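A closer look at the structure
Listed below are the residues making up each chain.
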Amino acid sequence: MRAVCWDGKEKVSVENVPDPAILNPRDAIVRVTSTAICGSDLHLYGGFVPTMEKGDILGHEFMGEVVAVGSAVTNLREGDRIVVPFAIACGNCYFCNRQLWSLCDNSIPDPTKAETLNGYATAGLFGYSHIYGGYAGGQAEYVRVPFADVGHLKIPSELPDEKVLFLTDIFPTGWMAADNCDIQRGDTVAVFGAGPVGQFAIRSAFLLGAERVIAIESVPERLAMASLGGAETLDESEGDVIERLKLMTGGIGPDACIDAVGLEAHGHGMVDWYDKVKQAVKLETDRPIVLRTAIEVCRPGGVVSIPGVYAGFLDKIPFGAAFGKGLTMRMGQTHVHRYLQPLLERIEADDIDPSFVITHRVAFEQVPDAYAMFQEKRDGCIKVVIDPSARASQETVS
Amino acid sequence: MANGIEVRQCFTLNATPGELYAFWRRFSKFPLFMRHVVSVTEAGPNRSHWVVNGPAGRAVEWDAEIVEEIPDRVIRWRTIGDPDVRHGGRVEFRPATGGRGTVADVHLAFEAPGGSAGANLVGLFGEKPELQIREDLRRFKRLVEAGELPTTVGQSSGRDADDRTEDEKSDSERDGTRVPVGAASSREARS
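Residues numbered from 1 in each chain as written. Chains lettered and ligands numbered in written order. Predicted model: local features only at pLDDT ≥ 70, side-chain atom pairs only at ≥ 80, totals over all residues. Heavy atoms only, no water.

Counting its regular elements, chain A contains 13 helices and 18 strands. Over its C-alpha atoms chain A spans a radius of gyration of 20 Å, differing by no more than 12% from the 21 Å that the globule rule assigns to 398 residues. Within chain A, the fraction of its 398 residues that count as buried is 60%. Put simply, 74% of the contacts in chain A that link residues at least 6 apart link residues at least 24 apart. Here chain A carries 35 positive and 53 negative side-chain charges, and the mean point of each set is 3 Å from the other. (Helix = DSSP H or I, 4+ residues; strand = E, 2+ residues; numbered from the N terminus. Rg over C-alpha atoms; globule rule 2.2 N^0.38 Å. Buried < 20%, exposed > 50% of the residue type's maximum accessible area, 1.4 Å probe, protein only. Contact = heavy atoms within 4.5 Å. Lys, Arg positive; Asp, Glu negative; His and termini not counted. Charge placed at Lys NZ, Arg CZ, Asp CG, Glu CD.)

What follows is the structure in structure tokens.
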């Protein structure tokens, strides 16, 4: 089969690799009908995530048709059309039982590496480095899905892929970010970063009852998309964000702030990596500023919600302000399984059509170029979807 | 035991003490989660015979007896006779607070070995016995909770067979020990 493989910093290639096989009784094999490049894949692409290996198959946003199931999978059969959450979860540990699926205890084959480096291990992820289990990802024609009996949502045939594909990650991630804000009637939510997750956070905040959403971003097409979603926009490149946000919120500050940017650099708890990364991404040193700004501008008693990925140690976080203002901070990888069914119902009810975020559709052959385009935010790129059945000779870039 | 090795590890499992006790009490199933154990067979009332993969693929064997047993709660055992690796162990299954499952608390004590027995211990448990035993206990937890052990051995990648990463190799390939066919395949199986 064809698969998108990581070959090193800023190098991905489309390779012919062996088809996946059932390895465990709770596995399924899925023929991928749609898959996407996630903003967090750019952390891998940029070489910021340790424990990637040349030849790793990328991708954690994918859906498709079941073509084989293991002996213990009784609730799926060949032909079922499913979306698969990006985190791999057993469904029966302390964490899964508390709906904390991305903290599953039982899905990383060798958690000692993560425990040694970080002091803890969480759930395995598709296509996201060996510290997260080293699982082959879904930017491929076929993918093996471990714990498939709990790691899926069946999709009614009338819904097209593009409406449901993002249930795998970015829609629930934006939704959980807003859900974590405890939105009350009349609330104003500030969303920092209007990439794909920020876009879903904006729309989710409105669906959860926010009266106003303010998007803070500097890329014009992202601001435009945020505006289409109903957000007021604040061009971050035009000067003092804190002062302007205070002016926009009657001097009190937003009731909740969502940091949908995170730290470009995945440090994974290792001080040496942190230092290397800090040097390597000099251009990105403003990224932690988002968290600082969110803490500084949030109104007293408000919520700072962090779907953006942080991994290492942060410098100069105004924790005194966070304490002094009695802020609540919520964060972490998304518990996708928890949101699958309720968000499918939102899609079916036409509350939201997640395909609004797609700017590019590509064939496998175009994926290496698409990674570069996405990284450089060229050509208005916000979200790239890969169609495994398409050929580059067909005109698929929209 | 002054110069011996003592190891204590515990995990909290999503099961009742009785379920864990029943799983553990079937000693013949130990190879499912104890990586170095080849077989455990009944050898009379409260006695069992152990075959374990030792250094350089050499089998190490011993007999053990149960010296204390509280159903659904405690099993304590020790080796009998004069084996290479003289040791004893105790497992306790305690209800966790607030119905949050069961704490499996394992305590092993190895007498100070000398001569070849010292080498055996290193071969059996590596440089860090507590790590080895913790991972055995983790496999026990995973079999109980998930019904299988997570694996990437045999998955697809853009690497040739020769370039596979450490986690994509089977245990026997990785540490060079020879694992009998039965033990290796049953390890991946649902119990």
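Moving on from the coordinates now.
Now for the overall build of chain B. Each helix and strand counted, chain B has 5 helices and 7 strands in total. Beginning at the N terminus, the succession of helices and strands in chain B can be written as β-α-β-β-β-β-β-β-α-α-α-α. Classification of the 191 residues of chain B by burial places 49% in the buried group.

Residues and elements named next belong to chain B. Here we have 7 strands laid out as an open sheet, ordered 1-7-6-5-4-3-2, and antiparallel in their pairing. Sheet topology places strand 1 (5-13) and strand 2 (37-42) at the edges, where each strand pairs with a single neighbour. Pairs of neighbouring strands in the sheet enclose a mean axial angle of 20°, with direction left out of account. Note that strand 1 and strand 7 (residues 102-110) share 9 bridges and pair antiparallel. Within strand 7, the position partnered with Phe11 by the bridge is Ala104. Sitting on the sheet, helix 1 (residues 17-25) touches strand 1, strand 4 (59-70), strand 5 (74-80), strand 6 (87-95) and strand 7, and the angle it makes with strand 6 is about 155°. On the sheet, helix 3 (residues 129-146) packs against strand 1, strand 6 and strand 7 and is oriented at approximately 25° with respect to strand 1. (Pairing = 2+ DSSP bridges. Axes fitted to C-alpha atoms, helices over the stretch in contact; angles between N-to-C directions.)

All names here are of chain A. Spatial ordering of the open sheet is given by 13-12-11-14-15-16, a layout of 6 strands whose pairing is parallel. Pairing within the sheet leaves two strands with one partner each, and these edge strands are strand 13 (232-235) and strand 16 (328-331). For this sheet, the mean inter-axis angle between neighbouring strands, taken without regard to orientation, is 20°. Across 4 bridges, strand 11 (residues 188-192) lies against strand 14 (residues 256-259) in parallel orientation. What sits directly across from Phe192, in strand 14, is Asp259.

The subject of this paragraph is the environment of Glu236(A). All names here are of chain A. Tracing the chain through its elements places Glu236 in the loop between strand 13 and helix 8 (241-248). Judged by relative accessible area, Glu236 falls into the partly exposed class, the value being 37%. Each C-alpha atom of the pair Glu236 and Glu217 lies 5.2 Å from the other, and the pair is 19 residues apart in sequence. Apart from the residues lying within four places of it in its own chain, the contact partners of Glu236 are Ile216, Glu217, Ser218, Val241 and Arg244.

The subject of this paragraph is helix 7 (residues 220-228) of chain A. Residue and element names in this part refer to chain A. Buried within helix 7 we find Arg222, Leu223, Met225 and Ala226. One face of helix 7 carries all of its buried residues, which in axial projection span an arc of 160°. Projecting away from the buried face of helix 7 at angles above 90 degrees are the exposed residues Pro220 and Leu228. Gly230 occupies a position one or two residues after helix 7 and carries a positive phi of about 100°. (Arc of directions from axis to C-beta.)

Contacts between the two partners involve 28 residues from chain B and, on the opposite side, 39 residues from chain A. Both sides together, the interface formed by chain B and chain A hides about 2,600 Å², and carbon and sulfur atoms give 45% of it. Counting the surface chain B buries against chain A, the share from its top three residues, Arg142(B), Glu148(B) and Ser156(B), is 21%. Viewed at the interface, chain A and chain B are joined by 21 residue pairs in polar contact (both at pLDDT 80 or more). Considered class by class, the residues forming the side of chain B that touches chain A number 6 nonpolar, 9 polar and 13 charged. (Buried area = accessible area lost by both parts, 1.4 Å probe. Polar contact = N/O pair within 3.5 Å; in protein donor to acceptor, adjacent residues only side chain to side chain. Nonpolar A, V, L, I, M, F, W, Y, C, P; charged D, E, K, R; others polar.)

All names here are of chain A. The topology assignment puts Asp149 in the loop between strand 9 (142-145) and strand 10 (153-154). A relative accessible area of 18% places Asp149 in the buried class. Within the structure, Asp149 has its side chain in polar contact with the side chain of Arg26 (distance 3.0 Å). Each residue touching Asp149, except ones within four places of it in the same chain, is listed here: Arg26, Val73 and Asn75.

The next subject is the packing of helix 5 (residues 170-179) of chain A against helix 12 (residues 336-348) of chain A. All names here are of chain A. The N-to-C vectors of helix 5 and helix 12 enclose an angle of 100°; their axes lie 10 Å apart at closest approach. One element, helix 5, and the other, helix 12, form an angle in the roughly perpendicular class. Of the residues in helix 12, those in contact with Phe171, Pro172, Trp175, Met176 and Asp179 of helix 5 are Val336, Tyr339, Leu343, Arg346 and Ile347. (Parallel < 35°, antiparallel > 145°, perpendicular 65-115°, else oblique.)

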